Each structure stands twice: as C-alpha cells, then as structure tokens.
Amino acid sequence: MAQITTSLDTPSGKLEGHRDSGIHIFKGIPFGRAARFRPAERIAPWAGTREAHRTGMIAPQNPNALDAFIGD
C-alpha cells in the first residue's frame, strides 16, 4: 500500500507525516530541550508546517563494556 501524506496540529505547530497501511506516522518530533542537568523546557512553537518523515538525532552515548559482545 502506498504512503499518503497526512498532517497533525499540535500546540507547537503543524506536523506533516505519512500514513501507511492505516497507521499515521510522525518521526523526529521535538518535544523539549534542556541544558545539561536542568529540567526540560517546552520548545518554542514553529511557524508553518514541520516535516516529520525522518527520525531525529539520537543522544550520544559513552562506550559500554558490553558493546564488544552485543554491538552498539
């Protein structure tokens, strides 16, 4: 089944994602930001429509002793 563009209004602004097999999919949605060791704060609303088709960045992790056995 083909992917169909879909949208969603949120308190921070409008998102554009896609629908696949009846499931609405929105990826990489920013939900908050925080300075190191500080409580999270709401993000500022954005103007227009924000694309939400791809996953966002992940938080960096320090190497773990188990990485050699089970992978990253």
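For every chain, the first residue of the written sequence is number 1, and numbering continues from 1 along that sequence. Where totals are concerned, whole chains, interfaces and linings use all residues; where local detail is concerned, this predicted model gives features only for residues with pLDDT of at least 70, and gives and counts side-chain atom pairs only at 80 or more. Processing note: side-chain calculations cover all non-hydrogen atoms of the structure and skip hydrogens and water entirely.

Trainee: Lay out the pairing of strand β1 (residues 4–10) in plain terms, naming residues and giving numbers.
Mentor: One ladder, built from 7 bridges, connects β1 with strand β2 (residues 13–20); its direction is antiparallel. Note on β2: the bridge partner recorded for L8 is L15. Note on pairing: DSSP must find at least two bridges between two strands before they are called paired. Numbered from the N terminus, helices here are DSSP runs of H or I no shorter than four residues, and strands are runs of E no shorter than two. The antiparallel pairing of β1 with β2 creates a hairpin that spans 2 residues between the two strands.

Trainee: Lay out the packing of aromatic side chains in plain terms, naming residues and giving numbers.
Mentor: Working definition: rings of Phe, Tyr and Trp (its six-membered ring) pair if their centres are within 6.5 Å, and the pair is stacked with planes under 30 degrees apart, edge-to-face with planes over 60 apart, and tilted otherwise. Scanning all chains against the criterion turns up 0 aromatic pairs. Here the basic side chain of R50 rests over the ring of W46, its NZ or CZ set 5.1 Å away from the ring centre. Charges are assigned to positions over rings by a cutoff of 6 Å between ring centre and Lys NZ or Arg CZ, combined with an angular limit of 35 degrees from the ring normal.

Trainee: Mind laying out the environment of K27, listing which residues take part and the relevant values?
Mentor: Residue placement: K27 occurs in the loop between β3 (23–25) and β4 (49–51). Not counting the four nearest positions on each side in its chain, K27 is found in contact with A52, H53, R54 and T55. Residue contacts are defined here by distance: any two heavy atoms, one from each residue, within 4.5 Å place the two residues in contact.

Trainee: Can you break down the pairing of β2 residue by residue, with the values?
Mentor: Sheet topology note: the β2/β4 ladder contains 3 bridges and is parallel. Note on β4: the bridge partner recorded for K14 is T49. Here β2 runs beside β3; their pairing, made up of 3 bridges, is antiparallel. Paired with R19 across the bridge in β3 is H24.

Trainee: I'd like a description of the side chain of H18, backed by residues and values.
Mentor: Relative to the assigned elements, H18 resides in strand β2. When neighbours within four sequence positions are excluded, H18 is seen to be in contact with Q3, I4, T5, T6, I23, H24, I25 and H53.

So far we have only geometry, and geometry alone does not tell us how the molecule works.
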